[in-house]
Amino acid sequence: MNIEPEQQVLNIDIKDLILWTENPRDPVDLNATDQYIVDRALADKSLKWNLPKLAKEMGKYFDQSELPTVVYDGAKPIVYDGNRRVIIGKIKMGAVTVKGMDPKQLPSFPQEIPCNVCVKRVGLNNVYRKHIDSGSWQPLERDVFLHNHMGEPKSVFLVLEEDTGIITTNPHLNQRFVKDEILNEDNLKLMGFHVDKGHIHSVHSNQEGHSILTDISEKIYNKQISTRKNRGQVINVLEPGSQQLIDINKSKNPHLSKIKFDKKDDDNGQRQSKRTVKKEHEIFGGKLYLKMGTVGDLYRDITDLYEFYLQRKDTLSQSFAGLIRMSLRLLCETAAKDKNKKLEDYVKAHFADAKKTLGQDTKTTLSVQNVSDGSILQLLQIGAHNYQAATNLDQTIAVSIAVGALITLTHGREEEK
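Residues numbered from 1 in each chain as written. Predicted model: local features only at pLDDT ≥ 70, side-chain atom pairs only at ≥ 80, totals over all residues. Heavy atoms only, no water.

**What to know about helix α17 (residues 393–411)**
Along an α-helix, residues three or four positions apart point the same way, because every turn accommodates 3.6 residues. In this model, α17 (19 residues) spans 25 Å end to end at C-alpha, consistent with the 27 Å of a helix rising 1.5 Å per residue. Across the 19 residues of α17, 16 count as buried, placing the element largely inside the fold. (Helix = DSSP H or I, 4+ residues; strand = E, 2+ residues; numbered from the N terminus. Expected span 1.5 Å × (residues − 1). Buried < 20%, exposed > 50% of the residue type's maximum accessible area, 1.4 Å probe, protein only.)

**Re the nonpolar core**
Grouped together as the largest cluster of nonpolar side chains are 41 residues, with contacts concentrated most on F284 and I407. Of all the secondary-structure elements, those providing two or more residues to this core are α12 (294–312), α13 (320–338), α14 (343–356), α16 (376–385) and α17. Among the elements that line this core, the one with the most residues is α17, at ten residues. (Core = buried A, V, L, I, M, F, W, Y, C linked by side-chain atoms within 4.5 Å.)

**What about the confidence of the model for the protein?**
On average, residues of the protein score 85 in pLDDT, and 89% of them are at 70 or above. Counting interchain partners and residues more than four positions distant, the pLDDT-below-50 stretch residues 264–279 has nine contacts. (pLDDT = per-residue confidence, 0-100. Contact = heavy atoms within 4.5 Å.)

**Focus: the sheet that holds strand β4 (residues 76–81)**
The strand order across the open sheet formed by five strands is β1-β5-β3-β4-β2, and the pairing between neighbours is mixed. Because the sheet does not close on itself, it has two edges, and the strands there are β1 (7–13) and β2 (18–19). With three bridges connecting them, strand β3 (residues 69–73) and strand β5 (residues 112–118) associate as parallel partners. Paired with V70 across the two strands is V117, which belongs to β5. Against the sheet, helix α3 (residues 83–93) engages β2 and β4, with an angle of about 125° to β4. (Pairing = 2+ DSSP bridges. Axes fitted to C-alpha atoms, helices over the stretch in contact; angles between N-to-C directions.)

**A word on helix α10 (residues 206–221)**
The terminal C-alpha atoms of α10, which comprises 16 residues, lie 22 Å apart, in line with the 22 Å expected from a rise of 1.5 Å per residue. Residues E208, G209, I212, L213, D215, I216, S217, K219 and I220 constitute the buried set of α10. Downstream of α10 by one or two residues, K223 has phi in the positive range, about 65°.

**As for the packing of helix α5 (residues 139–150) against helix α6 (residues 156–164)**
Packing of α5 against α6 brings their axes to within 9 Å, and their N-to-C directions diverge by 100°. One way to sum up the angle between α5 and α6 is to call them roughly perpendicular. Facing α5, whose interface residues are P139, L140, D143, V144 and H147, α6 presents F157, L158 and E161. The residue inventory of the contact of α5 with α6, partitioned by class, reads five nonpolar, one polar and two charged. (Parallel < 35°, antiparallel > 145°, perpendicular 65-115°, else oblique. Nonpolar A, V, L, I, M, F, W, Y, C, P; charged D, E, K, R; others polar.)

**Overview of the environment of I132**
Of note, I132 is situated in the loop between α4 (120–131) and α5. With a relative accessible area of 10%, I132 lands in the buried category. The spacing of I132 and L146 is 14 residues in sequence and 9.1 Å in space, taken between C-alpha atoms. Those residues in contact with I132 that sit more than four places away from it in its chain are V127, W137, R142 and L146.

**Details of unusual backbone geometry**
A positive phi is found at K197, a non-glycine position, where the angle reads about 55°. One can find K197 in the loop between β6 (193–196) and β7 (199–202).

**A look at the packing of aromatic side chains**
Within this structure, the stated rule accounts for six aromatic pairs. On the basis of an interplanar angle of 5° and a centroid distance of 4.2 Å, the ring pair of W20 and Y80 is categorised as stacked. Taken together, the residues span a long stretch of sequence, with W20 in the loop between β2 and α1 (34–43) and Y80 in strand β4 at a distance of 60 residues. Every member of this aromatic cluster is reached through a ring pair, and the members are Y128, W137 and F145. (Phe/Tyr/Trp six-rings, centres within 6.5 Å; stacked < 30°, edge-to-face > 60°.)

Put into structure tokens, the structure is as follows:
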């Protein structure tokens, strides 16, 4: 009985070889043509192919000792390993059309090239052995290969990518130390995320979760976390607003997350340009018109304190902003006392109506900073009892806008309401 060998060297016409659509280097749609893969490789937006460099390294001719690994799918010879060399051969032999690469300058190729033709299992094992620890694959590609082709369960890193798209949108995250030391299971739990039944669950809203993950991504991009700085640390490197969200939401029940990071089609793999210098926000969202009395006096004192801070913040400590946050609690308590109410009762009675007086852009600002009817009391409490968290100026401004709407509703001049 003739048994098909698991490996044998066969000569195959280079025009007949089919590029692997599931190549971990840059997987594409299963129905993609060779021409599509070649065009994608030459564009090299992902910076994974580098064909001109390979062509130069190959010298004057294709070295027949470096055999492509080929697995037949029916009658189709699929190139599991050696796709870059085969692409150069296809360009040289005119099997695909290209711009910007002169076939005359490429290494010479025979019409038929020797290939290591394997059964699928052996072919995959050969690919695994050559690439898994060679550094030619990034962590995400490695995890995709292990799950899709070697039967291993999805890593937390892969689940995070499949559910959110954060890694392909932010390629600087596709590093070994980020996978192992930053976006690992333990740290994700600390930030309020965990994997359940193959999907990301979170105690945060989608908007809050997106904000926290964006924060950690930016810290890695700006090298505030690296293999040499704050290595393995997460929570204490995040912005105070992110730390605060994590603290406020930690007791909430987790739910299936629908956070999405969408990479722009026209970004050419480049990061967006830096933002323009941010204009200072106005405290309380602008000037308020209040009745004469203790509430109005305290409001003016706080606006003066804020102006003092803006003029001298380069010489003041970062903690000075916490004084402004604390004063907002005092202002609300003063307004509540004037209405013979407890702070909690005052806020609950008027917050919803006060929020209705705000424009949509302002409401969005409040939402981004997690200022809502369910959190406003906690945020005021933090202002009084958690000095470090109270130094988050962006959130302090958002809280001041909500407080401004509250006291305008209850203590505004009649002609200004």
